[in-house]
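# Coordinates in review
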Amino acid sequence: MEAMRREITTEEIETFWRDGIVCLHEIIDPQLVLSMSDPIAALVGTAQVADLSAMGDALAANGQDVPRSETPADARGQFFAGVDHWLEHEEFRQFACQSPLPEIAGRIMRSDLVYLWEDSVLSKEPGTIERTAWHQDMGYFHVSGNKVCTMWCPLDSVTTDSGSVHFVVGSHLWDDIYQPNLFVSSVVIPGTVGEQIPDVEAMAERGECQIVTFDTEPGDVTVHHARTIHGAGPNTSERHRRAISLRYCGDDVVYLTRPGAPLKEHHHKMVEGATLNSEDCPIVWRRN
Ligand SMILES: O=C(O)CCC(=O)C(=O)O
């Protein structure tokens, strides 16, 4: 297993638990994440990724609210996303299970072991007009527990204009679990339950919360708590904005069905209220 490029500091762990988000600069070898370029490219145009730009168009044509930037004069880029590539593709399996990332998750979450929940690819080509709607990951995951995180690993230089992720500081400590949405729109997934996400931009303007974002390079990783509210901008730059998000669970997590949230076929052996079944959610790291 490859090593982390440096130790995680106590301050970084405390930042994660205080703010619900920490950016770990230069934590992995940039070549590790860049080695995922070809596997990501191979997904384009296949049924393994969803065209979220087309979904945004369909929702907008239906009169739904789809917050987007102006269409650029030149070619419009596509937002595509896919999930659970580790099940089918060795490169994704190694990235999620055998890289330093599980150990980083375990140390940040202060967990004695780490399960892989899923990987996901989130790619915004230059000229992508869709925003990623404000959401909280927990409403999409059939789990209960406090040690659940997402590690967002960029393959490109990412800035606000290319679609960096924005996080509401400390929102992982808010009381509610929010209803999951369609990702390019605040329209909720039918049949799901939970509270409505508050208007965090208006709250930030009133000084009631703080929103942060980070410029990142390949080798940097942001880690956010599964209850942290976050969203991302369009990609108005001329650079690609590709990322792989890895979702990991820790030692306090049990399975909890969330009505209406997407179910995974390979999770059919999970037992309500029990620790995760390690055949389907592999244990990818244990503390020595
Ligand atoms: O990459 C994006 O646009 C959003 C990322 C995100 O929401 C996540 O990884 O949880």
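Now for a quick tour of the structure. Bear in mind the structure is a predicted one, so any value in this text is a computation, not a measurement.

### Details of the packing of helix α1 (residues 10–19) against helix α6 (residues 101–109)
Two numbers describe how α1 lies on α6: the axes approach to 8 Å, and their chain directions differ by 70°. On the basis of the axis angle, α1 is roughly perpendicular to α6. Contacts from Glu12, Ile13, Phe16 and Trp17 of α1 reach α6 at Arg107, Ile108 and Met109. Grouping the constituent residues of the contact of α1 with α6 by class yields five nonpolar, no polar and two charged.

### Remarks on unusual backbone geometry
Both trends apply: most residues other than glycine have a negative phi, and most peptide bonds are in trans. With a phi close to 55°, arginine 110 is a non-glycine residue in the positive phi region. For arginine 110, the position within the fold is in the loop between α6 and β4 (113–124).

### Some remarks on the site of the ligand
The ligand sits among 14 residues. The nearest are Thr132, His135, Arg241, Ser245 and Arg247. A distance of 2.7 Å separates an oxygen atom of the ligand from a polar atom in the side chain of arginine 247. Coverage of the ligand by the protein amounts to 100% of the 290 Å² it exposes when considered alone. Taking a 2 Å distance to the grid points as the criterion, the majority of the atoms of the ligand fall inside the largest pocket. Every element with two or more residues in the shell around the ligand is listed here: β4, β5 (132–135), β7 (148–154), β11 (230–232) and β12 (241–249). Sort the elements by how many residues they give to the shell around the ligand and β12 lands first, with three residues. Split by residue class, the shell around the ligand holds four nonpolar, six polar and four charged.

### Notes on the nonpolar core
Of all hydrophobic cores here, the largest spans 40 residues; its most connected members are Leu101, Ile104 and Tyr248. With five residues, the top contributor of residues to this core is α6. Apart from residues no more than four positions distant in its own chain, isoleucine 104 is found in contact with Met4, Ile8, Leu24, Ile27, Ile28 and Met151. Listed in part, the 32 residues of the second largest apolar core include Ile21, Met138, Ala243 and Tyr255.

### Considerations on the layout of surface pockets
Rolling a probe over the atoms, with the probe sized like a water molecule, indicates the empty space that remains. Looking at the largest pocket, its volume works out to about 790 Å³. In terms of lining, the largest pocket is formed by 37 residues, of which the most central are Val83, Glu118, Tyr140, Phe183 and Pro262. Sorting the residues of the lining of the largest pocket by element identifies α4 (52–61), β3 (79–83), β4, β5, β7, β11 and β12 as the ones contributing at least two each. In terms of residue class, the lining of the largest pocket is made up of 18 nonpolar, 12 polar and seven charged. Empty space within the second largest pocket amounts to approximately 450 Å³. For the second largest pocket, the lining is made up of 23 residues, of which Pro67, Thr132, Ala133, Trp134 and Glu201 are closest to its centre. Mapped by element, the contributors of at least two residues to the lining of the second largest pocket are β5, α7 (200–205) and β11. Ranked by residues supplied to the lining of the second largest pocket, first place goes to β5 with three residues. Among the residues forming the lining of the second largest pocket, the class breakdown is nine nonpolar, nine polar and five charged.

### Concerning the packing of aromatic side chains
Enumeration over the complete set of coordinates arrives at five aromatic pairs. Between the aromatic rings of phenylalanine 167 and phenylalanine 214, the centroid separation amounts to 6.2 Å while the plane-to-plane angle is 50°, which identifies the pairing as tilted. Pair noted here: phenylalanine 167 is in strand β8 (residues 165–168) and phenylalanine 214 is in the loop between β9 (211–213) and β10 (221–225), with a separation of 47 residues, a long-range link. Here the aromatic cluster, defined as three or more aromatic residues joined through ring pairs, consists of Trp117, Phe141 and Tyr255. Taking NZ or CZ as reference, lysine 124 lies 4.6 Å from the ring centre of phenylalanine 79, over its face.

### Quick notes on empty space enclosed by the protein
Applying the stated criterion across every chain yields a total of one cavity of 30 Å³ or more. Roughly 40 Å³ of internal volume is contained in the largest cavity. Around the largest cavity sit Trp152, Ser164, Val165, Phe167, Thr213, Phe214, Thr216 and Thr222, which together line it. By residue class, the composition of the lining of the largest cavity is four nonpolar, four polar and no charged.

### Side note on the side chain of serine 53
Following the sequence through the fold, serine 53 ends up in helix α4. We classify serine 53 as buried; its relative accessible area is 5%. Separated by 2.9 Å, the side chains of serine 53 and glutamate 130 make a polar contact. Those residues within four positions of serine 53 in sequence are excluded, and the remaining contacts are Arg76, Gly77, Gln78, Phe79 and Glu130.

How each quantity is defined
Within any chain, residue numbers begin from 1 and follow the written order of that chain's sequence. Only residues with pLDDT of at least 70 are given local features in this predicted model, and only at 80 or more are side-chain atom pairs given and counted; all residues enter the totals for whole chains, interfaces and linings. Working from all heavy atoms in the structure, the side-chain values ignore hydrogens and water. Axis lines are fitted through C-alpha atoms, for helices just across the contact stretch, and the angle between N-to-C directions can take any value from 0 to 180 degrees. Strands are runs of DSSP state E lasting at least two residues, helices are runs of H or I lasting at least four, and both sets are numbered from the N terminus onward. Should an angle lie under 35 degrees it is considered roughly parallel, over 145 roughly antiparallel, and from 65 to 115 roughly perpendicular; all remaining angles are considered oblique. We call two residues contacting when some pair of their heavy atoms lies within 4.5 Å. Residue polarity is assigned by list, with Asp, Glu, Lys and Arg as charged and Ala, Val, Leu, Ile, Met, Phe, Trp, Tyr, Cys and Pro as nonpolar; anything else, Gly included, falls into the polar class. If a single non-hydrogen atom of a residue is within 4 Å of a molecule or strand, that residue counts as near it. Identification of polar contacts relies on pairs of N or O atoms within 3.5 Å, with a donor-acceptor requirement for protein atoms, meaning one able to donate a hydrogen and the other able to accept it, and with residues adjacent in sequence counted only if both atoms are side-chain atoms. A 1.4 Å probe and the Shrake-Rupley method give the accessible areas. Residues count as covered only by the protein chains that appear here. Residues are called lining when one of their atoms sits within 4 Å of a cavity or pocket point, these points coming from a 1 Å grid over the protein atoms alone, where a cavity is a set in which a 1.4 Å probe fits but cannot get out and a pocket is an open set with protein on both sides within 12 Å along at least five of seven lines. For this analysis, a molecule is said to be in a pocket or cavity if more than half of its atoms are within 2 Å of the grid points defining it. In this text, buried Ala, Val, Leu, Ile, Met, Phe, Trp, Tyr and Cys residues form a nonpolar core when linked through side-chain atoms within 4.5 Å. For every residue, the accessible area (1.4 Å probe, protein chains only) is compared with the maximum for its type, and the residue is labelled buried under 20%, exposed over 50%, or partly exposed between those bounds. Grid points are joined across faces, edges and corners, and a volume is the space filled by probe spheres set on the points. The aromatic pairing rule takes the rings of Phe, Tyr and Trp, using the six-membered ring of Trp, and pairs them if the centres are within 6.5 Å, calling planes under 30 degrees apart stacked, those over 60 edge-to-face and the rest tilted. By definition, being over a ring means that NZ of Lys or CZ of Arg is both within 6 Å of the ring centre and within 35 degrees of the ring normal.

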